[in-house]
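Summary of structural features
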Amino acid sequence: MSNSLSQSLAAPGGMLRRSAIERASIWIGDRGTLIAGIALSVFVLGFSLVGGLLYHASPYAVHGHHALQPPSAAFPFGTDQIGRNELARLISGGYATLIVSIPAAILTFMLGIVYGLAAALGPSWFDKVLMRLLDAILALPTLVVLIFFAALVPLNDFSLVVLLGVTSWPGLARLVRNEAIAQRGRDFVLATRQFGGGTWYVARVHILRVMAPILVVNATFLIGDSVLALSALSFLGLGVQPPHTSWGGLLQTGLNLIALNPWWMILPSGAMIFLAIMAANLLGQGLLARFGAAR
Amino acid sequence: MSAVLTLDNLSVALKRGRGKPVPILDDVNLTVAAGEMTALVGESGSGKTVASLGIIRLLPRGAKIAGRVQLGDTDLTRLNDAEMRRVRGRDIGMVFQNPLSALNPTTRVGNQIAEVYRLHTGESDRAARARALDLLGEVGIPNPADRLDDYPHQFSGGMRQRVMIAMALACSPKLLIADEPTTGLDLLVARQILALLTRLRREHRMGVLFITHDLSIVEEHADQVHVLYAGRSVEWGRARDFFDQPRHPYSQALLGAIPRLGQTRLTSIQGNLPDPETRPPGCRFAPRCAFREAACETAYPAPDTTGGTVFACRRGREITQADTLDAVTESPPPRARTVDGTALKVDRLAVDYERTATSFLRGIVGRKDRLRALEDISFTLKHGECLGIVGQSGSGKSTLGRAVLQMIPYHGGVVFEGESFGAMKHRRRRLARRRIQVVFQDPRESLNPRMRIGDIVAEPLKLSGISGQRKRWTQAAALLDRVGLSERMLPMFPGSLSGGQAQRIAIARALATNPGIIVLDEPTSSLDVSTQALLLNLLKDLACQDGLSYMLISHDIAAVSYMADKVAVLNGGRLVEFGPAGDVLAHPRNDYTKELIAASPHFRPRAAQGGRGGADEMPVYATRTAQHETAQTKEYNP
Amino acid sequence: MLRMITTRLATAILSLVILVSIVFAMTHATPGGPAYSILGQKATPAAVHELNVRLGLAAPLWKQYAIWWWHLLQGRLGYSYLLNRPVTQLVGDYMANTLALYIGAIVLSVVLSIGIGLVQGVTYGRWPAKLIGAFQLSLYALPTFFVGTIFILYFSVTLGILPTGGITDLRIENPGLLVYARHLVLPVLTVGLLGVAGLSRYFGSSVHEELGKDYVRTALAKGLTFRAVLFRHVLRNALRPLVTILGLSFPYIFAGSVLVESVFNYPGLGYLLWRSALSQDYPVISAIVLLIGVMTVLGNLLADLVNGLLDPRERFE
């Protein structure tokens with residue numbers, strides 16, 4: 001008997017091969033998304049983190065005679081109202097944006113998982129308390145809470161990371177909790193409990209492992225959200241503070257001078273925010289399809 | 001008899017992904033006569049549903065149909081879309097599996113029925129509503145006037161299927177296609193639905209094409225039987241001829257695989273159904289056939305007959321059902337010495353379950369209402385015995401299993417090998433729980449999709465402190481061997497397994513802790529009949545070797561009778577009958593047990609079957625089960 | 001039905017109580033407390049103490065909490081020292097503008113999303129759906145404030161057909177409906193597009209999911225045309241999750257409108273919040289945060305009730 005069963009599995013064109021073909025076809029279909037996401041991520045990261053090493057112009061030097069100039073050979077992205085090099089400012093603004101957004105996303109990620117798992121795996125009264133609290137917190141838009149605290153604390157890289165981190169986790173926490181609850185009741189978890197698997201073991205070996213794809217995908221989305229939130233704050237003047245610059249801040253400067261039609265101050269900074277978020281979203285979408293196919 | 005429907009070499013190919021269409025169904029010839037029922041039988045993957053959707057041309061985009069579909073005088077494959085729409089619902093009524101999802105959840109049933117009538121007759125809303133009311137009455141829904149404006153979720157499963165049938169009947173079609181209408185329903189309810197269809201087709205002289213995977217359920221009702229295997233017809237003819245003398249080895253094995261009351265050994269078919277992409281060139285059953293010859297594997301056999309059914313088998317004339325039984329039925333291994341003593345004692349067990357609070361104040365604080373799911377259950381189970389627990393859905397049988405497994409809180413006592421769980425300390429309790437294992441209904445749900453099979457099977461070993469993956473996998477390989485699987489599966493993931501294989505993995509894992517009791521919670525109800533037979537035989541062998549005790553939870557009293565030494569019948573959370581299997585099945589005392597037994601497949605004397613027809617068309621139990629159903633409706637919709 | 005309403009109401013009330021407490025905690029969690037914000041970070045301890053006594057902030061925390069509730073229930077939200085007006089009055093002035101923007105944007109995004117989602121759901125897997133998908137993904141990644149800025153750059157600066165900002169014009173008493181509408185066009189469009197990105201994607205997959213369900217096959221087997229199945233059977237079922245997600249996305253739409261109001265200098269609550277945050281006008285900020293929370297909870301409640309109307313299963317549960 002064992003022979004016939006294993007034969008049907010190993011035979012050419014058996015079940016194994018079909019699923020391999022199915023996977024491949026799905027993978028090819030979504031490979032475009034994933035590749036675009038990776039390429040765009042490399043570009044955004046390279047531009048912001050490595051760009052400063054390749055392009056040596058100072059983002060702070062004032063070129064008084066060249067104030068508010070459109071793009072030219074000397075200043076590829078033009079200059080701002082007091083004659084600072086916009087390209088250099090775009091690079092340094094990218095650095096400032098990512099250096100806060102990415103650690104903040106990691107903080108959010110950890111807080112969300114801890115809160116969500118605590119609710120899902122703790123006693124049921126604890127879950128009820130945490131979820132009621134979460135419902136109320138979720139009624140407050142993250143940006144509004146951010147504005148509230150940003151008005152009160154001194155703003156620097158560290159405080160911004162903490163601020164973004166501790167205000168953005170509720171969405172992920174709810175997702176983790178709901179997903180973990182769904183996994184918790186599945187038969188394979190019940191079976192493990194029957195063998196004597198404890199809560200911690202179940203969380204580590206089963207729930208987190210099954211949720212891993214969702215978590216990875218959401219981690220990439222979180223980076224996009226974090227870039228957006230920081231840019232929005234900076235745009236409102238409540239994020240990265242002068243003389244440091246950021247993409248959101250550059251856009252705000254452009255908006256303040258909008259009557260003069262300074263398109264070169266508006267389009268590049270806005271486009272960089274767009275590309276950074278797009279990179280994260282494409283990467284997430286691509287990974288989602290990839291994991292979905294592998295399921 | 002005039003033919004309502006004739007399929008003439010119907011073939012269907014479906015597009016899968018980007019490739020070219022894959023043939024799913026090949027050259028099926030079939031007729032349905034007015035007032036008669038033709039049963040189209042096949043296991044999952046045989047192409048039977050594709051056939052029904054091909055007839056009404058509701059196949060997915062990119063499907064290719066060849067051959068002719070003759071409805072009366074019209075060839076449906078030649079109609080344009082608008083003409084085809086006029087046939088659907090007017091000339092052909094459809095009844096689908098799982099009526100809860102097949103009915104629109106947000107539309108009142110009366111409107112759903114009236115819609116089809118209005119569409120094809122152009123009658124007024126008022127007339128359509130009157131028609132819907134008549135139809136609900138005709139299909140046996142009590143107080144139809146009160147139920148007309150109810151939503152599908154307010155009906156019980158059987159009543160919902162009656163609503164579906166009413167909808168299909170609205171325009172008095174010539175042909176009714178019922179695609180697995182009884183799957184997922186309790187046996188008693190399924191029998192009622194069949195009886196209803198039989199009555200309706202006679203009264204309306206309507207042809208019925210009944211599509212099912214379950215041969216036993218159509219035995220008393222079908223006029224014609226047509227068996228499909230892997231997209232081809234293997235045997236067809238008059239039902240009486242088929243059940244008296246099936247000729248194709250597949251039909252014979254399929255009939256022998258159905259558990260019937262009083263059976264000692266089930267026929268099992270080795271191997272798996274081939275995928276549409278990898279079907280063998282010759283006879284499609286050949287790779288799994290015990291009688292195959294070289295010629296079988298190269299060319300498809302021409303249909304042949306000896307006067308009874310028509311069969312597509314080279315050796316169909318010579319093979320008898322007895323040959324098949326000898327060839328594919330393994331004899332059970334000798335029974336090991338049974339250990340004496342009590343494995344499990346359940347004493348006045350009761351379980352409450354919670355549901356969303358009905359009162360406002362309780363809702364605020366998140367309190368739940370309590371309802372009793374099980375009441376006053378007592379029984380004992382000896383070492384090496386199998387206890388069958390039977391009941392309809394909602395009877396509390398799974399809850400009983402979970403209570404014994406210590407998965408849910410309960411009142412009363414559960415004593416395992418002389419020690420009560422209530423009296424155990426934490427650590428002791430954990431060790432004792434490990435020795436009561438479980439196999440669930442859905443094999444895929446019970447395996448973590450992201451773990452390798454080796455790790456899944458070895459997980460209990462890891463949790464009981466055996467370190468080193470290599471060492472654990474060696475033991476896992478031995479466990480796989482016991483359930484008839486190859487150790488080559490160790491590094492694979494569960495995603496690529498068939499249902500039967502996955503269920504074997506779950507059994508191997510349950511065996512790892514050397515348990516005293518295994519709770520089998522509907523272990524075969526998501527599997528095909530032939531796979532079920534393999535699995536039941538395996539479980540029986542394992543018990544014989546080890547002196548294992550089972551608690552087999554099932555809605556199928558025949559499957560239970562095949563396995564069990566003792567039978568417990570649950571109804572509405574109470575134990576209505578308990579005793580040795582032989583006694584309970586031969587001399588049931590409780591009315592409910594009698595009904596269950598009456599509805600199950602039997603070995604009937606051939607002579608008695610000749611009287612098929614009017615007499616047993618509306619069996620006695622029908623009225624009584626209607627009461628069960630109304631009770632159920634109340635229970636679910638307070 | 002009645003039971004469903006009462007349970008939902010109970011949940012909403014509980015959420016509101018917790019919400020008010022959270023906002024109370026937020027206002028008291030700041031280093032130095034509100035007095036510093038009012039007097040500036042360089043205030044002398046004596047001055048801070050004096051102000052604390054005057055504002056009731058020297059009292060024990062539970063007493064402050066009780067007073068906070070007491071004032072809230074009377075509709076007293078505090079006093080803006082910077083603008084020298086009671087917060088309730090101030091918020092009232094800006095509220096109407098925000099509601100106009102909010103409702104306009106939601107109507108726009110729901111109408112667009114239903115259209116886009118239907119096309120996407122029906123053509124799932126083929127090029128129209130893929131094109132829509134790419135559009136949604138891009139829209140999703142476009143920051144509102146960038147979109148708003150581009151709109152001004154194009155429609156106001158380059159073409160000169162619509163006003164750049166609203167604050168000065170709308171402050172005139174009775175600006176007239178036409179002026180008002182002209183000021184609303186770009187902000188509504190911007191916030192509406194933000195809504196479309198999420199909602200249409202959600203509705204599209206919801207339509208696709210419903211189309212795959214068995215009752216669709218049943219309806220087709222009755223002889224209905226695809227169009228009839230889509231509009232008579234599928235639409236209603238697909239709208240249900242849209243209502244839920246709409247209720248849940250109120251906070252995000254509001255967050256978007258904060259940014260959009262600041263881009264367009266549009267005198268709504270978001271604009272007020274922004275200005276107050278920049279000048280650290282403490283009572284105004286906390287009042288707006290509270291108000292937004294309350295509006296969200298009520299929005300979710302409304303969504304639940306509408307869902308109850310759409311889905312009989314919810315109603316009878």
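Residues numbered from 1 in each chain as written. Chains lettered and ligands numbered in written order. Predicted model: local features only at pLDDT ≥ 70, side-chain atom pairs only at ≥ 80, totals over all residues. Heavy atoms only, no water.

What about the overall build of chain A?
Assigned secondary structure in chain A consists of 11 helices and 0 strands. Element order for chain A, N to C, with α for helix and β for strand: α-α-α-α-α-α-α-α-α-α-α. Here the analysis covers contacts within chain A between residues at least 6 apart in sequence; of these, 70% occur between residues at least 24 apart. (Helix = DSSP H or I, 4+ residues; strand = E, 2+ residues; numbered from the N terminus. Contact = heavy atoms within 4.5 Å.)

Some words on the sheet that holds strand 4 (residues 64-71) of chain B
All names here are of chain B. If you walk across this open sheet you meet the 4 strands as 2-1-4-5, and the pairing is antiparallel. Edge positions in the open sheet fall to strand 2 (22-33) and strand 5 (74-75), since each of these has one partner strand only. Relative to strand 5, strand 4 runs antiparallel, the two sharing 2 bridges. Residue pairing across strands places Gln70 opposite Asp75, the latter belonging to strand 5. (Pairing = 2+ DSSP bridges.)

A word on the nonpolar core
Core analysis: the largest hydrophobic core is formed by 325 residues, its most contacted members being Leu400(B), Tyr550(B) and Met551(B). Ranked by the residues each element gives to this core, the list is headed by helix 11 (residues 226-264) of chain C, at 17 residues. Those residues within four positions of Tyr550(B) in sequence are excluded, and the remaining contacts are Leu381(B), Glu385(B), Cys386(B), Leu387(B), Ile518(B), Leu520(B), Leu539(B), Leu542(B), Ala543(B) and Met563(B). Val189(A), Ile207(A), Val210(A) and Leu222(A) belong to the second largest nonpolar core, which has 15 residues in total. (Core = buried A, V, L, I, M, F, W, Y, C linked by side-chain atoms within 4.5 Å. Buried < 20%, exposed > 50% of the residue type's maximum accessible area, 1.4 Å probe, protein only.)

Observations regarding the interface of chain C and chain B
Counting from both sides, the interface comprises 26 residues of chain C and, opposite them, 32 residues of chain B. Buried surface at the junction of chain C and chain B, both sides included, amounts to about 2,700 Å², of which 59% is carbon and sulfur. Three residues stand out in chain C for area buried against chain B, namely Arg217(C), Ala221(C) and Lys222(C), and they jointly supply 23% of the buried area on that side. For the interface between chain C and chain B, the tally reads 2 salt bridges. Across the pair Lys222(C) and Glu115(B) runs a salt bridge whose closest N-O atoms are separated by 2.8 Å. The tally of links between chain C and chain B comes to 12 residue pairs in polar contact (both at pLDDT 80 or more). Of all the secondary structure elements, the ones that give two or more residues to the side of chain C that touches chain B are helix 1 (2-28), helix 10 (214-221), helix 11 and helix 14 (312-316) of chain C. The leading source of residues in the side of chain C that touches chain B is helix 10 of chain C, at 6 residues. When grouped by side-chain class, the residues that make up the side of chain C that touches chain B number 9 nonpolar, 7 polar and 10 charged. (Buried area = accessible area lost by both parts, 1.4 Å probe. Salt bridge = Lys/Arg side-chain N within 4 Å of Asp/Glu carboxyl O. Polar contact = N/O pair within 3.5 Å; in protein donor to acceptor, adjacent residues only side chain to side chain. Nonpolar A, V, L, I, M, F, W, Y, C, P; charged D, E, K, R; others polar.)

Notes on the domain arrangement of chain C
Residues and elements named next belong to chain C. If you check the domain split of chain C, you get domain 1 (2-73) and domain 2 (87-316). Between domain 1 and domain 2, the buried area comes to about 1,400 Å², and carbon and sulfur atoms account for 79% of it. Counting every contact that joins domain 1 to domain 2 gives 0 salt bridges. The interface formed by domain 1 and domain 2 includes 0 residue pairs in polar contact (both at pLDDT 80 or more). Mapped onto the side of domain 1 that touches domain 2, the elements with two or more residues apiece are helix 1 and helix 2 (34-39). (Domains from an automatic or database assignment.)

A few points about the packing of aromatic side chains
Going through the model one piece at a time under the given rule, you end up with 18 aromatic pairs over all chains. Aromatic side chains Phe235(A) and Phe145(C) sit 4.7 Å apart centroid to centroid with 25° between the ring planes, which places their arrangement in the stacked category. Of this pair, Phe235(A) sits in helix 9 (residues 199-235) while Phe145(C) sits in helix 7 (residues 144-158), on two different chains. The residues Phe235(A) and Phe145(C) share a single accessibility class, namely buried. (Phe/Tyr/Trp six-rings, centres within 6.5 Å; stacked < 30°, edge-to-face > 60°.)

Re helix 17 (residues 469-482) of chain B
Residues and elements named next belong to chain B. The end-to-end C-alpha separation of helix 17 is 20 Å, in line with the 20 Å expected for 14 residues at 1.5 Å each. The complete set of buried residues in helix 17 reads Arg472, Trp473, Ala476, Ala477, Leu479 and Leu480. All buried residues of helix 17 fall inside an arc of 165° around its axis, so they share one side. Those residues of helix 17 that are exposed and aimed more than 90 degrees away from the buried face are Arg470, Lys471, Thr474 and Asp481. Where helix 17 is buried, its residues touch helix 16 (453-463) and helix 18 (499-511). Following helix 17 by one or two positions, Gly484 has its phi on the positive side, about 80°. (Expected span 1.5 Å × (residues − 1). Arc of directions from axis to C-beta.)

Considering the packing of helix 11 of chain C against helix 13 (residues 282-310) of chain C
Residues and elements named next belong to chain C. The interhelical angle for the contact between helix 11 and helix 13, taken along N-to-C directions, is 180°, at an axis separation of 9 Å. With respect to helix 13, the axis of helix 11 lies roughly antiparallel. Contacts between helix 11 and helix 13 pair Arg236, Leu239, Arg240, Val243, Thr244, Gly247, Leu248, Phe250, Pro251 and Phe254 from the former with Ile292, Thr296, Gly299, Asn300, Ala303, Val306, Asn307, Leu309 and Leu310 from the latter. Residue composition of the contact of helix 11 with helix 13, by class: 11 nonpolar, 6 polar and 2 charged. (Axes fitted to C-alpha atoms, helices over the stretch in contact; angles between N-to-C directions. Parallel < 35°, antiparallel > 145°, perpendicular 65-115°, else oblique.)

Comments concerning the UniProt feature "transmembrane region" (unreviewed entry) in chain A
All names here are of chain A. Annotation from UniProt places "transmembrane region" (unreviewed entry) at residues 33-55, 95-121, 133-152, 158-176, 214-240 and 260-283. The annotated region residues 33-55 carries 96% helix and 0% strand content, and the separation between its end C-alpha atoms amounts to 30 Å. Between the C-alpha atoms that bound residues 158-176 there is a distance of 26 Å. The span itself is 95% helix and 0% strand. (UniProt positions renumbered as here; feature names shortened; annotations may be inferred.)

Digging into the interface of chain C and chain A
In this assembly, 45 residues from chain C lie in contact with 42 residues from chain A. In total, chain C and chain A occlude about 3,900 Å² of area from one another, counting both sides; carbon and sulfur atoms represent 83% of this. Across the contact surface, chain C and chain A share 0 salt bridges. Elements represented by at least two residues in the side of chain C that touches chain A include exactly helix 1, helix 6 (127-141), helix 7, helix 11, helix 12 (269-278) and helix 13 of chain C.

Focus: the side chain of Gln194(A)
Mapped onto the elements of the fold, Gln194(A) is located in helix 8 (residues 187-194). From its side chain, Gln194(A) meets the backbone oxygen of Ile436(B) in a polar contact 2.9 Å long.

Regarding the sheet that holds strand 19 (residues 517-521) of chain B
All names here are of chain B. Strands sit in the order 18-19-20-15-21-22 across an open sheet of 6 strands; the sheet is mixed. With partners counted over all chains shown, the strands left at the sheet margins are strand 18 (436-439) and strand 22 (574-580), one partner each. Strand-to-strand, the axes of this sheet are offset by a mean angle of 15°, without reference to chain direction. Across 4 bridges, strand 18 lies against strand 19 in parallel orientation. Residue pairing across strands places Gln437 opposite Ile518, the latter belonging to strand 19. The strands touched by helix 22 (residues 591-599) are strand 15 (386-390), strand 21 (566-571) and strand 22; relative to strand 21, the strand with the most contacts, the crossing angle is about 110°.

A look at the pairing of strand 1 (residues 3-14) of chain B
Residues and elements named next belong to chain B. Sheet topology note: the strand 1/strand 2 ladder contains 8 bridges and is antiparallel. Directly across from Leu14, in strand 2, lies its bridge partner Val22. Across 7 bridges, the pairing between strand 1 and strand 4 is antiparallel. Looking across to strand 4, one finds that Ser11 is bridged to Ala66.

Looking at a nonpolar patch on the surface
All names here are of chain A. A surface patch of nonpolar side chains, about 660 Å² in accessible area, is lined by Leu45, Leu49, Val50, Leu53, Leu54, Tyr95 and Ile99. Elements represented by at least two residues in the nonpolar patch include exactly helix 2 (15-54) and helix 3 (86-121). Ranked by the residues each element gives to the nonpolar patch, the list is headed by helix 2, at 5 residues. Tracing the backbone through its elements, the reader meets Leu49 in helix 2. (Patch = residues over 30% accessible without salt bridge, like charges linked within 9 Å, V, L, I, M, F, W, Y side chains within 5 Å. Areas by Shrake-Rupley, 256 points an atom, 1.4 Å probe, with all protein chains shown as cover.)

Quick notes on the environment of Ile518(B)
Residues and elements named next belong to chain B. Tracing the backbone shows Ile518 in strand 19. With a relative accessible area of 1%, Ile518 lands in the buried category. Taking the C-alpha atoms as reference, Ile518 lies 6.4 Å from Ser549; in sequence the two are 31 residues apart. Setting aside residues up to four positions removed in sequence, Ile518 forms contacts with Gln437, Val438, Val439, Ala510, Leu511, Leu548, Ser549, Tyr550 and Met551.

Notes on the UniProt feature "transmembrane region" (unreviewed entry) in chain C
Using the residue numbers shown here, the UniProt feature "transmembrane region" (unreviewed entry) corresponds to residues 99-119, 131-157, 177-199, 242-264 and 284-306 of chain C. Annotation note: span residues 99-119 of chain C, helix share 100%, strand share 0%, distance between end C-alpha atoms 30 Å.

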